[in-house]
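# Fold and geometry: a report
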Amino acid sequence: MNTENTTLNWFRNAAPYINDLRGRTLVVAIPGEGLGHENFRNLVHDLTLLISLGVRLVLVHGARAQVNCTLEKSGVHSRFQGNTRVTDRETLEVIKEAVGKLRFEIEAAFSQGLPDSPMARAALKVVSGNFVTARPVGVIDGTDMGWTGKVRRMEVAAISRALDEGSLVLISPLGTSLTGELFNLNYLDLAAEAAQSLKAEKLIVFRDTPQLIVDGAPVYDLSINQAEDAQESVGSETLACAINACNAGIQRVHLLSYADNGALLQELLSREGAGTMIYRDSYEVVRRARITDVGGILGLIRPLEKQGILVRRSREKLEAEIDHFTLVEVDGTPVACAALYPILDDQGDTVAAEIACVAIHPEFRGGGRGAKLLQHLERQARALELPEIYVLTTQTEHWFIERGFTQVDAGDLPAARKSLYNIQRNSRVLRKPL
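Structure report, in brief. (Residues numbered from 1 in each chain as written. Predicted model: local features only at pLDDT ≥ 70, side-chain atom pairs only at ≥ 80, totals over all residues. Heavy atoms only, no water.)

## As for the overall build of the chain
- A count of helices and strands for the chain gives 15 helices and 25 strands.
- Counting only C-alpha atoms, the chain reaches 90 × 55 × 35 Å along its principal axes.
- Looking at the chain as a whole, 47% of its 434 residues qualify as buried.
- The contacts of the chain with a sequence gap of at least 6 include a subset with a gap of at least 24, amounting to 69%.
- For the chain, the accessible area works out to roughly 21,600 Å², and carbon and sulfur atoms hold 47% of it.
- Computed over 47 positive and 54 negative side-chain charges, the separation of the two mean positions in the chain equals 3 Å. (Helix = DSSP H or I, 4+ residues; strand = E, 2+ residues; numbered from the N terminus. Buried < 20%, exposed > 50% of the residue type's maximum accessible area, 1.4 Å probe, protein only. Contact = heavy atoms within 4.5 Å. Areas by Shrake-Rupley, 256 points an atom, 1.4 Å probe, with all protein chains shown as cover. Lys, Arg positive; Asp, Glu negative; His and termini not counted. Charge placed at Lys NZ, Arg CZ, Asp CG, Glu CD.)

Structure (structure tokens):
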């Protein structure tokens, strides 16, 4: 029963994300290693599900692993300039063979429809073709790159027509030239170009591992500036692709593991995510609360009220006090809140302020959001030219002490607040001068 409830709640909570993605274009890039992984069949099911929910999907695939294997079997030696393959005539023939085989295997994977499988009655159409016009890379550092190419133009109108019909558009790492030649393309560059040309909502890039490791720790989101700072130390092709895509105008790029079952759905349809997101815009904002945020705030504070950490507030009281609240919002969803209440003297003048009702969603703790909220509330208090702020807490005193507060006696509270002190709760009283 608990598992059933968890599944139902997850699906209900996914509704806002489904509504946001419906009618949007996503470009998904998966390397050859991912196509050969045992989890690829699950990924096919998840991609098909997204299309059934109204997502316009373009799948760009790599083929390096398959090409290397075919080259080895054929006894053909391949050269590289940096990380880019030099494509001579013999190598190109092997690439054509490997990519052609992959394309048919991918189409077959999306065409299955056994009655007892997740693909039952999907009737998904996969459309592929000469959507990419390419040109030669030319000579790099004195090396003629042969038939290694780069994107010259994407056939946006043709791709859009296929997407309008509900088809999955499949783009392989080969492009044709105006002279009728075929060029070997880097699938990551191809995916970034497709996302830019199609004005995609997101670019999803699959890799062998989930989160990026920066300074020895996994990171779940990076601004474009943070990503550029980390690029040299991380040294990841997929991160470089994400940075290029964001700089070209894509708002969000998600790096996921092709070995992680369900990573795509968890990343797109839940708040916690499953990989690392590189974002161009301000995906996380701190703002003053509005009356429409009451429901979201109640969702944050009710669990803490039940644990006795926060004093219980009715919806009516919260609505009346909403102007005192500040939120941290991620993708339009409140994930943290706190309130700043004025403390008045006998003449009705504000002499100090109290920080209260600090709550952070469990999935978003440890990311510095509490400290960010505190900074905003302190700025609000300083703007009112208040000399000090107080906080009353039963379980989090050390967190506040680490941020400049000191413990004082309840008798040190301003008179108006002292008269309301609840002896039964026996809260610690902390003060910070501004």
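## Brief notes about the sheet that holds strand 5 (residues 126-127)
- An order of 5-10-2-1-13-17-18-16 is seen for the eight strands of this open sheet, with the pairing classed as mixed. Each of the sheet's edge strands pairs with one partner strand only, and the pair in question is strand 5 and strand 16 (221-223).
- Pairing of strand 1 (residues 25-30) with strand 13 (residues 202-207) involves four bridges; the strand directions are parallel. Counterpart to Ala-29 in the pairing with strand 13 is Val-205.
- Helix 7 (residues 187-197) contacts strand 1, strand 2 (56-61), strand 10 (168-171) and strand 13 of the sheet and is inclined by roughly 180° relative to strand 1.
- Relative to the sheet, helix 8 (residues 224-234) contacts strand 16 and strand 18 (276-279), its axis offset from that of strand 16 by approximately 95°. (Pairing = 2+ DSSP bridges. Axes fitted to C-alpha atoms, helices over the stretch in contact; angles between N-to-C directions.)

## Re the environment of Ala-29
- As for its placement among the helices and strands, Ala-29 is situated in strand 1.
- Taking C-alpha positions, Ala-29 is 7.7 Å from Leu-203, a pair spaced 174 residues apart along the chain.

## Focus: the pairing of strand 23 (residues 388-393)
- With five of six residues buried, strand 23 is to be regarded as a mostly interior element.
- Examined bridge by bridge, strand 22 (residues 350-360) and strand 23 share three bridges and lie parallel to one another. Bridge pairing in strand 23 places Ala-353 opposite Ile-389.
- What joins strand 22 to strand 23 is helix 13 (residues 369-383), and the crossover it makes is right-handed.
- As defined by bridge partners, strand 23 adjoins strand 25 (residues 428-433) across six bridges and the pair is classed as antiparallel. (Right-handed = clockwise from strand over helix to strand, strands pointing away.)

## Thoughts on the pairing of strand 17 (residues 252-257)
- By the criterion of burial, strand 17 is predominantly enclosed, with six of the six residues buried.
- Across the two faces of strand 17 the burial is the same, with Arg-252, His-254 and Leu-256 and Val-253, Leu-255 and Ser-257 all buried.
- Pairing geometry for strand 13 and strand 17, over six bridges, is parallel. Across the sheet, residue Lys-202 finds its bridge partner in strand 17, namely Arg-252.
- Strand direction decides the pairing type here: strand 17 and strand 18, joined by four bridges, are antiparallel. Bridging across to strand 18, His-254 finds its partner in Met-277.

## Examining the nonpolar core
- Within the largest apolar cluster, 44 residues are counted, with the highest numbers of intra-cluster contacts made by Val-27, Val-58, Ile-159, Ile-171, Leu-203, Val-253 and Ile-278.
- In terms of residue count, helix 7 provides more of this core than any other element does, seven residues in total.
- The next biggest cluster of nonpolar side chains, apart from the first, holds 43 residues, and it includes Ala-14, Tyr-17, Ile-30 and Tyr-258. (Core = buried A, V, L, I, M, F, W, Y, C linked by side-chain atoms within 4.5 Å.)

## Observations concerning the side chain of Lys-202
- For Lys-202, the location among the structural elements is in strand 13.
- A polar side-chain atom of Lys-202 sits 3.1 Å from a polar atom in the side chain of His-254.
- When neighbours within four sequence positions are excluded, Lys-202 is seen to be in contact with Leu-21, Thr-25, Leu-26, Val-27, Ile-250, Arg-252, His-254 and Leu-268. (Polar contact = N/O pair within 3.5 Å; in protein donor to acceptor, adjacent residues only side chain to side chain.)

## Notes on empty space enclosed by the protein
- Under the criterion given, the structure shown has two cavities of 30 Å³ or more.
- The volume enclosed by the largest cavity comes to roughly 50 Å³.
- Every residue along the wall of the largest cavity is listed here: Asn-39, Asn-42, Leu-43, Asp-46, Phe-206, Ser-257, Tyr-258, Asp-260, Gly-262, Ala-263 and Leu-264.
- Looking at the lining of the largest cavity, the elements that each hand over two or more residues are helix 3 (40-52) and helix 10 (263-269). (1 Å grid on protein atoms, 1.4 Å probe; cavity = no way out; pocket = protein on both sides within 12 Å on 5 of 7 lines; lining within 4 Å. Points joined across faces, edges and corners; volume = space filled by probe spheres on them.)

## Notes on helix 13
- Look at helix 13: 21 Å from first C-alpha to last across 15 residues, which is about the 21 Å you get at 1.5 Å a residue.
- Arg-369, Gly-370, Leu-373, Leu-374, Leu-377, Glu-378, Gln-380 and Ala-381 are the residues of helix 13 that are buried.
- Of the residues flanking the end of helix 13, it is Glu-385, one or two places downstream, whose phi is positive at about 60°. (Expected span 1.5 Å × (residues − 1).)

## Considerations on the sheet that holds strand 21 (residues 333-344)
- As summarised here, the arrangement of the seven strands in space is 19-20-21-22-23-25-24, forming an open sheet in which the pairing is mixed. Either end of the sheet is taken by a strand with one partner, and the two such strands are strand 19 (284-288) and strand 24 (406-408). For this sheet, the mean inter-axis angle between neighbouring strands, taken without regard to orientation, is 30°.
- Of the strands in this sheet, strand 20 (325-330), strand 21 and strand 22 are in contact with helix 11 (residues 294-306), which crosses strand 21 at around 80°.

## Thoughts on the state of the cysteines
- Evaluation of the coordinates by the stated rule reveals zero disulfides.
- Unpaired in terms of disulfides, Cys-241 finds its nearest cysteine sulfur in Cys-246, a separation of 9.4 Å. (Disulfide = S-S within 2.5 Å.)

## Here we look at the side chain of Ser-427
- With respect to the element layout, Ser-427 can be found in the loop between helix 15 (415-418) and strand 25.
- A relative accessible area of 10% places Ser-427 in the buried class.
- In this structure Ser-427 touches Leu-392, Thr-393, Thr-394 and Tyr-421, once residues within four positions along its chain are discounted.

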